[in-house]
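What the coordinates show
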Amino acid sequence: MKIQSLFKDDIHRQIDGVIKADDDSNLIQEVSEYVITNEISSKLGSFFEAYNDTRHHNTGVWVSGFFGCGKSHLLKMLSILLEDRKVNGTRLVDLFIPKVEDEMLK
């Protein structure tokens, strides 16, 4: 058995080391392979609750963390979800939702 047979996705595919917020060329792959960490999972529900609260039309969000921890990638994913973006007829939110453990978000 070869190690590559253990992986669901092709291990020889291109993987960019840096995610660019304005690069839409690989959105399906980015959303499909995005990993929701425990920290993100614990905050995602309260983020969407605050975002959807109509009493706060000008709600801002501050995302902080160390260099390279995924802040820009998280913001890119959130913007894609909030826009309900589609690529080739595929709603990207439909690729993201199965990753979410919080039932309130499903």
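See the structure above.
Residues numbered from 1 in each chain as written. Predicted model: local features only at pLDDT ≥ 70, side-chain atom pairs only at ≥ 80, totals over all residues. Heavy atoms only, no water.

**Structural notes on the overall build of the chain**
- The number of helices and strands found in the chain is four helices and two strands.
- Walking the chain from its N terminus toward its C terminus, one meets helices and strands in the order α-α-α-β-β-α.
- Considering only C-alpha atoms, the chain reaches an extent of 55 × 35 × 25 Å along its principal axes.
- For the chain, the residues scored as buried account for 22% of the 106 residues in total.
- At a minimum sequence separation of 6, the contacts of the chain that also span at least 24 residues come to 65%.
- Carbon and sulfur atoms form 53% of the exposed surface of the chain, whose accessible area is close to 8,300 Å².
- Computed over 13 positive and 17 negative side-chain charges, the inter-centroid distance for the chain is 2 Å. (Helix = DSSP H or I, 4+ residues; strand = E, 2+ residues; numbered from the N terminus. Buried < 20%, exposed > 50% of the residue type's maximum accessible area, 1.4 Å probe, protein only. Contact = heavy atoms within 4.5 Å. Areas by Shrake-Rupley, 256 points an atom, 1.4 Å probe, with all protein chains shown as cover. Lys, Arg positive; Asp, Glu negative; His and termini not counted. Charge placed at Lys NZ, Arg CZ, Asp CG, Glu CD.)

**Thoughts on the nonpolar core**
- Counting 17 residues, the largest nonpolar core has Tyr34, Leu44 and Phe96 as its most contacted members.
- Looking at this core, the elements with two or more residues in it are α1 (27–33), α2 (38–52), α3 (71–83) and α4 (92–96).
- The dominant element in this core, judged by the number of residues it contributes, is α3, at five residues.
- The residues touching Tyr34, leaving out its near neighbours within four places in the chain, are Ile40, His73, Leu74, Met77, Phe96 and Lys99. (Core = buried A, V, L, I, M, F, W, Y, C linked by side-chain atoms within 4.5 Å.)

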